[in-house]
Amino acid sequence: MEALPGDRQPSSRTSPSCKEEREDSVGDPVTPSRGEFGDPVYKEIALANGHINRMDRDELRLKLAELKLDTRGVKDVLRKRLKSHCKKQKLLVAAAEGGVTDTYYDFICVVDFEATCEESNPPGFLHEIIEFPIVLVNTRTAHIVDTFQEYVKPELNPKLSDFCTQLTGITQEMVDQADTFGNVLRRVVTWLQERELGTKYRYALLTDGSWDMSKFLNMQCKISRIKHPKFAKKWINIRKSYGNFYKVPRTQTKLSSMLEKLGLQYEGRPHCGLDDSRNIARIATRMLQDGCQLRVNEHLHAGEVRNVPSSAPVEVSPPPHNPRSRD
């Protein structure tokens, strides 16, 4: 394997590596504090970075293939992948020698609700959650390790529109046989607790945009007369993380566009909550493999979505507890 500029010859540290230049966007790789730049490793990483910047797409793909890494994606994605791999290798060596590590969470819970809808939603239409899926991602292995799925019985408008059934694939019979949201949420809490999330393991929720937590869940909790669960008041908006990490405009962060840019295809049925969550998780795992440090970047405050700046302390989701009544 051809060595990159800045690679050390075998001595106390043997892993070839490189380091992405400092970026202040949420979702970018962890960067060292000012004092840590004195470590010679960062000078080597900077040299390797410059070499990678001069590679064309074919050279990037060849290098990635030598490293047995994924060669799919556009040029910017390939460049980011190679830099991040090299940076990760160097940080692993540094961590083994008592240096910094770069993992914020042990697990990420991907959630993508499906809710009642009309072909043309009238003003003030109240969306009710009818599918609650979770896909659990191990951040250290970047693999999907578990899933949860339950359908939910709507209460305000128990009859689904034909449009809703056609869009989501959820039938009237499926929701008629389902439980109410409050009971489903209790089983979600039990599922999270059984996996020791928030107690033994650090975790965060991840969504495709802000709507799932700020609109659908917030509205559903009001309908069900329960308080918005604390563990769902902060989350990773993967659209923001993806745009910041790969440096693409917000218009290119739809689910289909993110998959396409990464050289992936949608698997399953679009607008099935579990399938959507699986595909969002595939994007998240690819970003982790490419070196992205996914971290909470949005939270709910007084019913409004607020950004969490990258300069703020890293936020983790608290231990999950059963919902409390609003009454």
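Residues numbered from 1 in each chain as written. Predicted model: local features only at pLDDT ≥ 70, side-chain atom pairs only at ≥ 80, totals over all residues. Heavy atoms only, no water.

The protein chain appears in an unreviewed UniProt entry as 3'-5' exoribonuclease 1 from Denticeps clupeoides. Taken verbatim from the UniProt record of the protein chain, the Cofactor (unreviewed entry) comment is "Mg(2+)". (UniProt positions renumbered as here; feature names shortened; annotations may be inferred.)

## Thoughts on the overall build of the protein chain
Check the secondary structure of the protein chain and you find 10 helices and eight strands. The buried share of the protein chain, taken over its 327 residues, is 51%. Taking as baseline every contact in the protein chain between residues at least 6 positions apart, the subset at least 24 positions apart corresponds to 70%. (Helix = DSSP H or I, 4+ residues; strand = E, 2+ residues; numbered from the N terminus. Buried < 20%, exposed > 50% of the residue type's maximum accessible area, 1.4 Å probe, protein only. Contact = heavy atoms within 4.5 Å.)

## With respect to the layout of surface pockets
In this structure, the largest pocket encloses a volume near 700 Å³. Along the wall of the largest pocket there are 31 residues; nearest its centre are D112, E114, D208, H271 and D276. Where the lining of the largest pocket is concerned, the elements lending two or more residues are β2 (114-115), α4 (162-168), α7 (211-223), α9 (255-261) and α10 (273-289). Residues that form the lining of the largest pocket fall into these classes: 13 nonpolar, nine polar and nine charged. (1 Å grid on protein atoms, 1.4 Å probe; cavity = no way out; pocket = protein on both sides within 12 Å on 5 of 7 lines; lining within 4 Å. Points joined across faces, edges and corners; volume = space filled by probe spheres on them. Nonpolar A, V, L, I, M, F, W, Y, C, P; charged D, E, K, R; others polar.)

## Details of helix α6 (residues 181-194)
Spanning 14 residues, α6 covers 20 Å between terminal C-alpha atoms, matching the ideal 20 Å at 1.5 Å per step. Looking only at α6, the buried set comprises F181, G182, V184, L185, V188, V189, W191 and L192. Residues of α6 that are buried in the fold lie against β1 (107-110), β3 (129-138), β4 (143-151) and α7. Note on α6: the residue one or two positions beyond its end, E196, has a positive phi of about 60 degrees. (Expected span 1.5 Å × (residues − 1).)

## So, the UniProt feature "domain: SAP" (unreviewed entry) in the protein chain
The positions that UniProt labels "domain: SAP" (unreviewed entry) are, in the present scheme, residues 52-86. As annotated, residues 52-86 comprises 69% helix and 0% strand, and the C-alpha atoms at either end are separated by 10 Å.

## Observations concerning empty space enclosed by the protein
With the rule as written, the count across this model stands at two cavities of 30 Å³ or more. The calculated volume of the largest cavity comes to roughly 70 Å³. Looking at the largest cavity, it is lined by 14 residues, and the ones nearest its centre are V111, F132, V188, L205 and F231. Going through the elements one at a time, β3, α6 and α7 are the ones with two or more residues in the lining of the largest cavity. Considered class by class, the residues forming the lining of the largest cavity number 14 nonpolar, no polar and no charged.

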